[in-house]
Amino acid sequence: MTQELSVEKRLAAGRSSRMQARKLCMVAVMTTLAVMGRVLFAALPGFKPVTAIVILSGMYFGAGSGLATGALAALVSNIYFTQGPWTPFQMLAWGLIGLISGLLSRPLIRHPLLLYIWGALSGICYYLFMDSWMILWYNKTPTLQLWLAAFSTGVFSLVTYMISNVVFLAALSPAMGRRLLRISRKCGF
């Protein structure tokens with residue numbers, strides 16, 4: 001009897017470790033897609049599929065996978081774009097977007113309009129976060145004028161990034177979403 005329990009525990013542990021390995025593999029695939037998308041669209045400032053891929057990763061593979069995909073996408077892609085003091089803040093910003101996408105997955109999957117709104121909002125959040133970091137990093141005493149200057153000079157990039165998030169979500173989420181949902185169900189995520 002005790003030996004049967006031990007065998008059942010080992011089988012359950014084996015299934016759990018296989019599931020974790022599959023999830024890790026999917027995080028690696030999604031991170032690779034995000035990095036390649038960022039590199040391929042390097043010539044178009046602010047028009048990148050990274051946030052859309054991070055959102056999809058969080059939606060279909062869970063909050064932890066979205067967090068990992070976002071953080072790793074920033075870290076790995078900055079090997080090409082240059083590492084700097086901004087890298088941890090990019091990791092945090094994209095990671096949080098992936099985490100929140102995982103927490104909001106059910107309504108985002110059910111209602112495409114909410115997904116597109118979240119894509120636009122995540123673009124705003126990313127830019128506000130990165131502009132705030134820049135102001136605090138380079139100025140010991142930030143003022144309202146500095147905040148307004150930083151935010152107003154980045155309006156064009158912000159709008160471009162919001163639009164790109166919605167465009168990439170509209171292009172990727174229907175077909176890619178069905179496949180990711182099938183993988184997630186098949187693997188038991």
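One can find the structure itself at the top, above this paragraph.
Please read these numbers as outputs of a predicted model, since none were measured by experiment.

1. Observations concerning the overall build of the chain
From N to C terminus, the chain includes 8 helices and 0 strands. For the chain, the succession of helices and strands along the chain, N to C, is α-α-α-α-α-α-α-α. Dimensions along the principal axes, computed over C-alpha positions, put the chain at roughly 75 × 35 × 30 Å. Residues counted as buried form 39% of the 189 residues belonging to the chain. For the chain, restricting intrachain contacts to residue pairs at least 6 apart in sequence, the fraction spanning at least 24 positions comes to 74%. By element, 71% of the accessible surface of the chain is carried by carbon and sulfur atoms, the whole surface being about 10800 Å².

2. Some remarks on helix 4 (residues 87-103)
Its 17 residues give helix 4 an end-to-end C-alpha distance of 24 Å, which sits within 8% of 24 Å, the value for a rise of 1.5 Å per residue. For helix 4, the full list of buried residues reads Thr87, Gln90, Ala93, Trp94, Gly95, Ile97, Gly98, Ser101 and Gly102.

3. Digging into the packing of helix 2 (residues 50-61) against helix 4
At their nearest, the axes of helix 2 and helix 4 sit 7 Å apart, and the two run at 40 degrees to each other. The angle between the axes of helix 2 and helix 4 places the two elements in the oblique class. The two elements helix 2 and helix 4 cross, and the hand of that crossing is right-handed. Seen from helix 2, the contacting residues are Val50, Thr51, Val54, Ile55, Gly58 and Met59; seen from helix 4, they are Trp94, Ile97, Gly98, Ser101 and Gly102. Of the residues assigned to the contact of helix 2 with helix 4, the class counts are 6 nonpolar, 5 polar and no charged.

4. A closer look at the nonpolar core
Among the nonpolar cores identified, the biggest contains 30 residues, and Met30, Ile55, Leu56, Met59, Trp94, Tyr126 and Leu180 are the most heavily contacted of them. Only helix 1 (2-40), helix 2, helix 3 (63-81), helix 4, helix 6 (112-138) and helix 8 (155-187) provide two or more residues apiece to this core. Per-element accounting of this core gives the leading share, 9 residues, to helix 2. Among all residues touching Trp94, those that are not within four sequence positions of it are Arg38, Val50, Thr51, Val54, Gly66, Gly70, Ala74, Tyr126 and Tyr161.

5. As for the packing of aromatic side chains
Per the counting criterion, the structure on display carries 13 aromatic pairs. With a centroid separation of 6.2 Å and 55 degrees between ring planes, the pair formed by Phe41 and Phe47 is classed as tilted. When its relative accessible area of 22% is taken as the criterion, Phe47 is described as partly exposed. Taken together, Phe89, Phe129, Trp133, Trp137 and Tyr138 form an aromatic cluster joined through their ring pairs.

6. Brief notes about a nonpolar patch on the surface
Nonpolar side chains collect at one region of the surface, where Leu92, Leu96, Ile100, Leu103 and Leu104 lie side by side and expose about 420 Å² of accessible area between them. Position of Leu92 relative to the elements: it lies in helix 4.

7. Description of a positive patch on the surface
Taken together, the side chains of Arg18, Arg22, Arg178, Arg179, Arg182 and Lys186 make up a positively charged region of the molecular surface. Counting residues per element, the ones that place at least two in the positive patch are helix 1 and helix 8. Tracing the backbone through its elements, the reader meets Arg179 in helix 8. With a relative accessible area of 51%, Arg179 lands in the exposed category.

8. Focus: the side chain of Thr69
The residue Thr69 is located in helix 3 in this model. With relative accessibility at 0%, the residue Thr69 sits in the buried group. If sequence neighbours within four positions are ignored, Thr69 has contacts with Val27, Met30, Thr31, Val54 and Ser57.

9. Looking at the environment of Arg106
With respect to the helices and strands, Arg106 occurs in helix 5 (residues 105-110). A relative accessible area of 60% places Arg106 in the exposed class. The sequence separation of Arg106 and Pro174 amounts to 68 residues, and the corresponding C-alpha distance is 15 Å.

10. Remarks on the side chain of Thr87
Along the chain, Thr87 turns up in helix 4. Beyond its immediate chain neighbours, meaning those up to four positions away, Thr87 contacts Ala74, Leu75, Asn78 and Thr82.

Quick notes on the rules
- Residues numbered from 1 in each chain as written.
- Predicted model: local features only at pLDDT ≥ 70, side-chain atom pairs only at ≥ 80, totals over all residues.
- Heavy atoms only, no water.
- Helix = DSSP H or I, 4+ residues; strand = E, 2+ residues; numbered from the N terminus.
- Buried < 20%, exposed > 50% of the residue type's maximum accessible area, 1.4 Å probe, protein only.
- Contact = heavy atoms within 4.5 Å.
- Areas by Shrake-Rupley, 256 points an atom, 1.4 Å probe, with all protein chains shown as cover.
- Expected span 1.5 Å × (residues − 1).
- Axes fitted to C-alpha atoms, helices over the stretch in contact; angles between N-to-C directions.
- Parallel < 35°, antiparallel > 145°, perpendicular 65-115°, else oblique.
- Left-handed = near helix turned anticlockwise from the far one by under 90°.
- Nonpolar A, V, L, I, M, F, W, Y, C, P; charged D, E, K, R; others polar.
- Core = buried A, V, L, I, M, F, W, Y, C linked by side-chain atoms within 4.5 Å.
- Phe/Tyr/Trp six-rings, centres within 6.5 Å; stacked < 30°, edge-to-face > 60°.
- Patch = residues over 30% accessible without salt bridge, like charges linked within 9 Å, V, L, I, M, F, W, Y side chains within 5 Å.
- Salt bridge = Lys/Arg side-chain N within 4 Å of Asp/Glu carboxyl O.
- Lys, Arg positive; Asp, Glu negative; His and termini not counted.
- Charge placed at Lys NZ, Arg CZ, Asp CG, Glu CD.

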